[in-house]
Every structure is written in structure tokens, then in C-alpha cells.
Amino acid sequence: MAIQWFPGHMHKARKEIAAALPRVDVIIEVLDARLPYSSQNPMLNELRGDKPGLRVLAKADLADPKLTEIWMPALTTDTIQAMALTQTEPGGAKPVLDTLSARFKPIPNALKPRVAMVVGIPNVGKSTLINALAGRAVAKTGNEPAITKRQQHVRISDHWSLRDTPGVLWPNLENVQGGYRLAAVGSVRDTAMDNTEVCLVLLDYALETYPTLLRNRYGNDAIVTDDSTRTLELIGKQTGCLGARGHVDYDRAARVVMQDFRTGTLGGMTLETPEMQVSEEQEVIKLRQMRDAAKLQKREARKARRKR
Ligand SMILES: Nc1nc2c(ncn2[C@@H]2O[C@H](COP(=O)(O)OP(=O)(O)O)[C@@H](O)[C@H]2O)c(=O)[nH]1
Ligand SMILES: [Mg+2]
């Protein structure tokens, strides 16, 4: 399901969205309620200008409702409205249509309906939303970017139509910690990350933020709040993930924990807070500056060598 992004993909996706935007009245940006920050596309804010937008936090049923509340104002701007959705419930997408109708009065005697476009990273719930709004299965399945030459529109109400192909964008990959969280929810695949590593990052956070959810699932004795490796080992024993000579198979144990997390079996968890976003963004800026400084130094050294 997850796809890997290469510069060529990103360039193409960016060009497609930019080309479509002039004919779009509202951008519906689908985010993962568990990752309201890392599931954003780093380029979209620049592309959208002051075009009106809706930010839909999908998979709200898998997130922590308290944090979803906290995130709402942080995701809202003068032109962007935020809402949380559980699309697996019948009528789960209705608030989107209601908001579109409430926010944009119909144009009297309009010949054409207004157009909305759904965008977001892979696996976040775009197709589910498009199909729910259309009232039937219209969205192309799979995560391949659009290959249709002509944009197909579907009516979703008297005054609105929707592109039936979502704009597939890449997530925020510059922040390493965010990359692990995207892997934990299953939205990116990185061959350099193994299950155990991803799971330990998830467990570090969950042990600090949601220890009770872990205790409820795996038993009090399996949870060692200051040691995620030990906790994973105990969970492995607890759930029978054993390999040669009865040693815990960490990879299998990690899969069990991530499966429990992804399906919501552990309970609603949100992996990011607005404070984390601020501090991690500062970290990324610092790293960028260091990288630029190193590049400059190399260039100067090369110049100096050439002069000699
Ligand atoms: N639990 C839950 N699952 C959802 C929700 N929205 C979408 N999904 C599931 O997430 C997966 C990816 O959805 P899809 O619409 O194909 O994502 P896309 O790649 O962005 O088009 C599917 O298995 C959906 O059933 C939601 O609100 N809650
Ligand atoms: Mg899709």
C-alpha cells in the first residue's frame, strides 16, 4: 500500500496539482488524525495560495479524541477550516458536504457547479472520502497518481462537483522522527527502517503518553515504562512470538504491536502534538542550516585548492 517517493514522483505530483488548481474552488486536504503534522504535504501551503480549504482529519476513530480537539485550532486559518471524520461509519463524510454548503452560498443562476478537489498522502482515506461524497464507488483505487488525460468530475450535490481522482502528495519526510511515525501508521515504506525500529519509536512514545492503553492490552507485567526494548521483549513472550531456542522474535512482536496500533485495538492514539511540531520544525531548520554551512565550507575549500 505504501509507496516510496522519489524526486521525479514529487515533481510530477506537484505539477499535476498546480495545473489542476485554477479550476478548483476548494481544496479538501485529507490528513491522518494520528499524524496531523507529518501527514501534511510540505509543498501544499505554498501551492494553494489563499484558495479556500478544508482540512479533514480522517481516521478520527483511531486517534485520541482529546488531542484531535487540541489540533483543530492549530490546523485552522483564515482560509482553512478543520474537521475530524470517522469514515468507516455510515454517513461519516456528511459533515464535509454540510460544511461546503454552509461556507459557500450557491451562486445565483450559476451554469456550473463549484469544484472541490481531494488531496493527501497515500493511504490517508482520500478514495474513501470521494466515494462517500459521490454516494458510489467512483474513485480509482490504488495509489497511482492520475493517468487520465481528462479530469472526470462527479456531482456531489446541486452546487458541488468533485474531481474523481485525488491528488496524491508526498508526506513530510524531512523530519526523521516524523518518518518513523509515518511508517508506524503504514503510510510510508522505507527499506532502511525495520519493523523493530519503527515499533520501538512507537513504543517509546506510547509508554510515555498512553501507558494505560498498553497495560490494558498486554498486561501490567509486560509494561516497563522506561524501557521500550524490554517492553517489546515481554510483549513478545506474552503473545507467543518466539523463535529459535525460545528467544523472542522481535520482528514478529513488532508486527503484533503495530497491527494492534493500526487497527485501533490498542485504543485511540495520536502520535503528534502541536508542541512537537514546533520543536521538530526548529530542529529541521537547524539541520538545514548546518547542511548549507557544510556545503559552503566545501565549496570554499575547493576554491582555495584551485587557487594554489
Ligand atoms: N478506521 C478508519 N479507517 C479508514 C478511515 N478512512 C479510511 N480508512 C481506511 O484507510 C484505508 C485507506 O483508505 P483509502 O481511501 O484507500 O486511502 P487513499 O489511499 O488516500 O485513497 C482503507 O482501508 C480505508 O478503509 C477512517 O476514518 N477510519
Ligand atoms: Mg486512493
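Computed from a predicted structure; not experimentally measured.

Asks: I tried to follow the overall build of the protein on my own but got confused; where do I start?
Replies: Helix and strand counts for the protein come out as 11 helices and 7 strands. Expressed as a percentage of its 308 residues, the buried residues of the protein come to 47%. As presented, the protein carries roughly 16,400 Å² of accessible surface, and 53% of it is formed by carbon and sulfur atoms. The positive charge centre, built from 44 side chains, and the negative charge centre, built from 35, are 10 Å apart in the protein.

Asks: I would appreciate a short explanation of the packing of helix H7 (residues 195–209) against helix H10 (residues 250–262) in the present structure.
Replies: To characterise two packed helices, one gives the angle between the axes of the helices and the distance between these axes. Where H7 meets H10, the axes come as close as 8 Å, and the angle between the chain directions of the two elements is 50°. Between H7 and H10, the angle is such that the two are oblique. Considering how the two elements wind past one another, H7 and H10 form a crossing that is left-handed. Contacts between H7 and H10 pair Asn195, Thr196, Val198, Cys199, Leu202 and Leu203 from the former with Tyr250, Asp251, Ala254, Arg255, Val257, Met258 and Phe261 from the latter. Residue composition of the contact of H7 with H10, by class: 9 nonpolar, 2 polar and 2 charged.

Asks: Whenever I open this one, the site of ligand 1 confuses me. Can you help?
Replies: The immediate surroundings of ligand 1 are formed by 16 residues, with Asp61, Gln87, Lys126, Ser127 and Thr128 found nearest. Glycine 125 places a polar main-chain atom, nitrogen or oxygen, 3.0 Å from an oxygen atom of ligand 1. Lysine 126 has a polar side-chain atom sitting 2.7 Å from an oxygen atom of ligand 1. Out of a free accessible area of 590 Å², ligand 1 has 77% covered by protein chains.

Asks: Please clarify how the pattern of salt bridges should be interpreted in this entry.
Replies: Side-chain pairing between opposite charges can occur once the charged atoms of the two side chains come close. Overall, the coordinates contain 16 salt bridges when judged by the stated rule. With a closest N to O distance of 3.9 Å, lysine 237 and glutamate 233 form a salt bridge. Placement of the pair is lysine 237 and glutamate 233 together in helix H9 (residues 228–238), with a separation of 4 residues, close to one helical turn. Relative accessible area serves as the criterion here: at 46%, lysine 237 is assigned to the partly exposed category. Close ionic contact of arginine 255 with aspartate 251 constitutes a salt bridge, the shortest N to O distance being 3.0 Å. Of the two residues, arginine 255 and aspartate 251 are both situated in helix H10; the distance of 4 residues between them amounts to about one turn of the helix. Residue arginine 255 is classed as partly exposed on the basis of its relative accessible area, which comes to 48%. On the basis of relative accessible area, aspartate 251 is assigned to the partly exposed category, the value being 30%. One network of salt bridges, with partners in common, ties together Glu29, Arg48 and Arg55.

Asks: What's the story with the domain arrangement of the protein in this structure? I'm lost.
Replies: How big an interface is tends to be stated in terms of the accessible area lost upon association of its parts. You can read the domains of the protein as domain 1 (7–168), domain 2 (194–262) and domain 3 (282–308). Taking only C-alpha atoms, the centre of domain 2 and the centre of domain 3 are 42 Å apart.

About the cut-offs
Residues numbered from 1 in each chain as written. Chains lettered and ligands numbered in written order. Predicted model: local features only at pLDDT ≥ 70, side-chain atom pairs only at ≥ 80, totals over all residues. Heavy atoms only, no water. Helix = DSSP H or I, 4+ residues; strand = E, 2+ residues; numbered from the N terminus. Buried < 20%, exposed > 50% of the residue type's maximum accessible area, 1.4 Å probe, protein only. Areas by Shrake-Rupley, 256 points an atom, 1.4 Å probe, with all protein chains shown as cover. Lys, Arg positive; Asp, Glu negative; His and termini not counted. Charge placed at Lys NZ, Arg CZ, Asp CG, Glu CD. Axes fitted to C-alpha atoms, helices over the stretch in contact; angles between N-to-C directions. Parallel < 35°, antiparallel > 145°, perpendicular 65-115°, else oblique. Left-handed = near helix turned anticlockwise from the far one by under 90°. Contact = heavy atoms within 4.5 Å. Nonpolar A, V, L, I, M, F, W, Y, C, P; charged D, E, K, R; others polar. Near = heavy atom within 4 Å. Polar contact = N/O pair within 3.5 Å; in protein donor to acceptor, adjacent residues only side chain to side chain. Salt bridge = Lys/Arg side-chain N within 4 Å of Asp/Glu carboxyl O. Domains from an automatic or database assignment.

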